[in-house]
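Close look at the chain arrangement
The primary structure of each chain is shown beneath.
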Number of protein chains: 2
Amino acid sequence: MTSALTLGAIRASVGLKLDRLLSAVVSGDNLLERMASYHLATGGKRLRAVIAPWVCANLGGDPADALAFGVGLELIHNGTLIHDDVQDGDEWRRGEPALWRKWGVAQAINVGDAMYFWGLEAVAQGPNGALAVGHVSRAVVGTITGQVMEFQLRPSAAEQLEPTLMAWVNTATAKTGALFGACVACGVIAAGEVEAEALVAAQELGEAIGLVFQVQDDFLDLVGDKGRERAGTDLKEGKLSFPVAWCYQNAAPDLSSRLQVIVDTPRAETTDAMVDEGLVVLEDSGAIEATADWLRNMRDSIGDQRYAATLPGIVDRILRPVAHRL
Amino acid sequence: MTSALTLGAIRASVGLKLDRLLSAVVSGDNLLERMASYHLATGGKRLRAVIAPWVCANLGGDPADALAFGVGLELIHNGTLIHDDVQDGDEWRRGEPALWRKWGVAQAINVGDAMYFWGLEAVAQGPNGALAVGHVSRAVVGTITGQVMEFQLRPSAAEQLEPTLMAWVNTATAKTGALFGACVACGVIAAGEVEAEALVAAQELGEAIGLVFQVQDDFLDLVGDKGRERAGTDLKEGKLSFPVAWCYQNAAPDLSSRLQVIVDTPRAETTDAMVDEGLVVLEDSGAIEATADWLRNMRDSIGDQRYAATLPGIVDRILRPVAHRL
């Protein structure tokens, strides 16, 4: 596959069409469609939309056969974001007020719900639609399972999970990876490869990519500029991240227990000095270097996976914001 | 169709199997499945589960072909109930604490979400799965549209809808009718009738049945025993119902404006005397008799619809709790 289409090339080929199909789903003027349209207009990279056509094209298929899958997966992804903002009380999404802040929690639940059904309706229209709906549905149950586990990893959670590195990896693989996996799998289905073995390989590749995406996001919060006020916002918010879970598991007890106190302190009570101290603990314990190592290792090994050549350069692109530290 | 299967007969034939299939979906021991299992164990009549097999059998098909549809539709229905309880702040569901009260709002959103994807995964496994997923998805978007409108009918709503009888009927047809429609349509699909015209007729029959169900429920709150403390609970809760919307539209201005004050008074401030006064207004304005007339009329006319004979006795059964007033 020497002449594999790049992300830029597939975007040039199907990006506009995907945008038009997405807009068409929510083009009506009832309140439900206007709310959904507001959310979609906040933007996003539309990465879930483009993966299936991209994979399909690089397997020799017609990317047009995967457009319905791309549209469906992008809609489902946006449904999870709308519900996520409600669940976390996050007030902003891509620089705009989160949907629940404009129309309330009840309506935001409705819009997320509708995104799911619009999404699966689209998926059902693709080639081998019933097979694709089954695969996507199982993957999204994985996403939701990851979301359930994320709440179990919080300090005050009922039925709390121990915040080990393994628990973090399982949660992130489910929450972020499962839907990427469905995107790759749908591209494979659109190209006519429908054996169980092919779908498992596609799902695993997408899950690995999703996991890299999540670890990169955690790493960026510590070492780069995420467009937030300062480094360490996740520490302030009490989020368990890859570096924090690594530290809990591998650092000397005094360092890891001090970090745990900082992470578990409620957001409003976490001072900037505490965040700075947490960053020092992560540096001194080796957690930051271990995270960089893990990312380098994934970057070098993902290329060996089946179907990796159908998404040329995707890992480098995901890692671009933190490339200066790798 | 002289020997059409009754509801009792189809339940005897497939009820146990449906229960077993439903339980199997949530039989795992992770928190997501345990929460979902808790909700399903609260019971319910499983009416959405049995309609598709019932219709299929009475069209000469094998009800076993419609089991996946029945399971999927019952799961989706229960997902809407879980989210509905969150949205309304309802603390009880079938006599047990609502899921959000036991595990919190965020986890309840997760469980409802998962019900949707388990549900459509099941639907995709039925005959003509992709067609069925498309039909069901569109119908559930209708359900959600009705839910959006219900919030727009509330006194303090943003983008409020005028509480006319037409607005109420449109809302109830969408919110309650659309999913019943999908149940009938899936039974028709399972029996091999897949032309657009057949699906439209099936959807319309289900929507009419759902509407009767909702008007009956409103009527029962005024004239019967719903297992709540007293008649008129909906008036206390400020719910727009068929009789209330009828009164707004048809009663003398002094009566209808007095009723509106009672309905719009916040629940905590609505006294029993106000509820009693509201009941008198509904009686004196003719709203209660008009509702009874409407129900009698629907009972007599629904039987003329295509596919009505595939659900023998369903309207009488729905009207049984209020039969003494018809």
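In this text the structure is predicted, and so the values were computed from the model without any measurement.

What counts, and at which threshold
- Residues numbered from 1 in each chain as written.
- Chains lettered and ligands numbered in written order.
- Predicted model: local features only at pLDDT ≥ 70, side-chain atom pairs only at ≥ 80, totals over all residues.
- Heavy atoms only, no water.
- Helix = DSSP H or I, 4+ residues; strand = E, 2+ residues; numbered from the N terminus.
- Rg over C-alpha atoms; globule rule 2.2 N^0.38 Å.
- Buried < 20%, exposed > 50% of the residue type's maximum accessible area, 1.4 Å probe, protein only.
- Contact = heavy atoms within 4.5 Å.
- Least-squares fit on C-alpha atoms with pLDDT ≥ 70 in both.
- Buried area = accessible area lost by both parts, 1.4 Å probe.
- Salt bridge = Lys/Arg side-chain N within 4 Å of Asp/Glu carboxyl O.
- Polar contact = N/O pair within 3.5 Å; in protein donor to acceptor, adjacent residues only side chain to side chain.
- Nonpolar A, V, L, I, M, F, W, Y, C, P; charged D, E, K, R; others polar.
- Expected span 1.5 Å × (residues − 1).
- Bend = angle between axes of the 7 residues up to and from the residue.
- Axes fitted to C-alpha atoms, helices over the stretch in contact; angles between N-to-C directions.
- Parallel < 35°, antiparallel > 145°, perpendicular 65-115°, else oblique.
- Left-handed = near helix turned anticlockwise from the far one by under 90°.
- pLDDT = per-residue confidence, 0-100.
- Disulfide = S-S within 2.5 Å.
- Phe/Tyr/Trp six-rings, centres within 6.5 Å; stacked < 30°, edge-to-face > 60°.
- Lys NZ or Arg CZ within 6 Å of the ring centre and 35° of its normal.

Observations concerning the overall build of chain A
What chain A contains, in helices and strands, is 15 helices and two strands. On C-alpha atoms alone, chain A measures out to a radius of gyration of 20 Å, which is about the 20 Å that the 2.2 N^0.38 rule sets for 326 residues. Dimensions of chain A, computed from C-alpha atoms along their principal axes, come out at roughly 55 × 50 × 35 Å. The buried share of chain A, reckoned over its 326 residues, is 58%. Nonlocal contacts in chain A, meaning residues at least 24 apart in sequence, comprise 74% of its contacts between residues at least 6 apart.

Quick look at the relation of the copies chain A and chain B
Each of the two copies of the chain can be brought onto the other by a rotation about an axis and a shift along it. The transform that puts chain A on chain B rotates by 180° and translates by 0.0 Å along the axis, for an RMSD of 0.0 Å. On the angle and the small slide along the axis, the relation comes out as a two-fold axis. Taking the C-alpha atom as reference, chain A places A:A130 closest to the rotation axis, 2.3 Å from it.

Examining the interface of chain A and chain B
Taken together, the 37 residues of chain A in the interface contact 37 residues of chain B. The contact between chain A and chain B buries some 3400 Å² in all, and 70% of this surface belongs to carbon and sulfur atoms. Taking the shortest distance from any N to any O, the salt bridge between B:E159 and A:R34 comes out at 2.9 Å. In this structure, the connection of chain A to chain B is made through 16 residue pairs in polar contact (both at pLDDT 80 or more). Where the side of chain A that touches chain B is concerned, the elements lending two or more residues are helix 2 (31-41), helix 4 (67-88), helix 6 (105-124) and helix 7 (129-152) of chain A. Among the elements that take part in the side of chain A that touches chain B, helix 7 of chain A stands out by supplying 14 residues, more than any other. Per-class residue counts for the side of chain A that touches chain B are 21 nonpolar, eleven polar and five charged.

Considering helix 8 (residues 165-190) of chain A
Residue and element names in this part refer to chain A. If you check helix 8, its first and last C-alpha atoms are 36 Å apart, about what 26 residues at 1.5 Å a residue would give, namely 38 Å. Along helix 8, the largest kink reaches about 50° and is centred on G177. In terms of residue burial, helix 8 counts as a mostly covered element, since 22 of its 26 residues are buried. One or two residues past the end of helix 8 sits G192, with phi positive at roughly 95°.

Looking at the environment of B:D218
Take B:D218: it is sitting in helix 9 (residues 196-223). Setting aside chain neighbours within four positions, we find B:D218 in contact with B:W168, B:D234, B:K239, B:S241, B:F242 and B:P243.

What about the packing of helix 3 (residues 47-58) of chain B against helix 4 (residues 67-88) of chain B?
Residue and element names in this part refer to chain B. The interhelical angle for the contact between helix 3 and helix 4, taken along N-to-C directions, is 155°, at an axis separation of 7 Å. In terms of orientation, helix 3 lies roughly antiparallel with respect to helix 4. With respect to the hand of their crossing, helix 3 and helix 4 are arranged in right-handed fashion. Touching L47, R48, A49, A52 and P53 of helix 3 are L67, F69, G70, L73, E74 and H77, all from helix 4. Considering only residue class, the contact of helix 3 with helix 4 consists of seven nonpolar, two polar and two charged.

Looking at the environment of B:V261
For B:V261, the position within the fold is in helix 12 (residues 253-264). On a C-alpha basis, the gap between B:V261 and B:M274 in space is 9.6 Å, while along the polypeptide they are 13 residues apart.

Remarks on the pattern of salt bridges
Two side chains with opposite charge may pair up if their charged atoms get near one another. Taken as a whole and judged by the stated rule, the model has 36 salt bridges over all chains. Ionic pairing is found between B:E121 and A:R138, a salt bridge with its closest N-O pair at 2.7 Å. Note that B:E121 is positioned in helix 6 (residues 105-124) and A:R138 in helix 7, a pairing that runs across two chains. Using a relative accessible area of 45% as the deciding quantity, one classes A:R138 as partly exposed. Measuring nitrogen to oxygen at the nearest pair gives 2.7 Å for the salt bridge that ties A:R296 to A:E289. The class of A:E289 is partly exposed, set by a relative accessible area of 42%. In the salt-bridge network here, residues are joined through shared partners; they are A:D19, A:R46 and A:E74.

As for helix 14 (residues 287-302) of chain A
Counted at 1.5 Å a residue, the expected span for helix 14 of chain A with its 16 residues is 22 Å, and the 22 Å between its end C-alpha atoms agrees. Buried residues along helix 14 of chain A sit against helix 9 (196-223), helix 11 (242-250), helix 13 (272-284) and helix 15 (314-319) of chain A.

As for the confidence of the model for chain A
Chain-level pLDDT for chain A is 95 on average; 98% of the residues reach the 70-or-more range. With pTM at 0.95, the complex prediction returns an ipTM value of 0.95.

A short note on the state of the cysteines
In total, this model carries zero disulfides over all chains according to the counting rule given. Here A:C183 stays free of any disulfide, with the sulfur of A:C186 as its closest cysteine sulfur at 7.1 Å.

Focus on unusual backbone geometry
The phi dihedral of A:R46 falls on the positive side, at around 55°, and the residue is not glycine. By the secondary structure assignment, A:R46 is in the loop between helix 2 and helix 3 (47-58). Residue B:E159 is not a glycine yet carries a positive backbone phi of 50°.

Some remarks on the packing of aromatic side chains
A full pass over the atoms with the stated rule returns ten aromatic pairs over all chains. Judged by centre distance (5.8 Å) and plane angle (50°), the rings of B:F180 and B:F213 are tilted. Separated by 33 residues along the polypeptide, B:F180 in helix 8 (residues 165-190) and B:F213 in helix 9 bring together distant segments of the chain. The pair formed by B:F180 and B:F213 is uniform in burial state, with each residue classed as buried. Through a chain of ring-to-ring contacts, three or more aromatic side chains come together here, namely A:W168, A:F242 and A:W294. Between A:K102 and the ring centre of A:W103, over which it is positioned, the NZ or CZ distance is 5.7 Å.

Some words on the side chain of A:E121
Using a relative accessible area of 13% as the deciding quantity, one classes A:E121 as buried. Among the polar contacts made by the side chain of A:E121, one reaches the side chain of B:R138 at a distance of 2.7 Å.

What to know about the side chain of B:H83
Summarising the element assignment, B:H83 is placed in helix 4. Residue class for B:H83 comes out buried when judged on its relative accessible area of 1%. Ignoring any residue separated from it by four or fewer positions in sequence, one finds B:H83 in contact with A:H83, A:I109, A:D113, B:A108, B:I109, B:G112, B:D113 and B:Y116.

Quick word on the packing of helix 6 of chain A against helix 7 (residues 129-152) of chain B
Running from N to C, helix 6 of chain A and helix 7 of chain B cross one another at 165°; their axes reach a closest spacing of 8 Å. Considered as vectors, helix 6 of chain A and helix 7 of chain B are oriented roughly antiparallel to each other. At the point where helix 6 of chain A passes helix 7 of chain B, the crossing takes the left-handed sense. Where helix 6 of chain A abuts helix 7 of chain B, its residues A:A106, A:Q107, A:N110, A:D113, A:A114, A:F117, A:W118, A:L120, A:E121 and A:A124 lie against B:A130, B:V133, B:G134, B:S137, B:R138, B:V140, B:V141, B:I144, B:Q147, B:V148, B:F151 and B:Q152.

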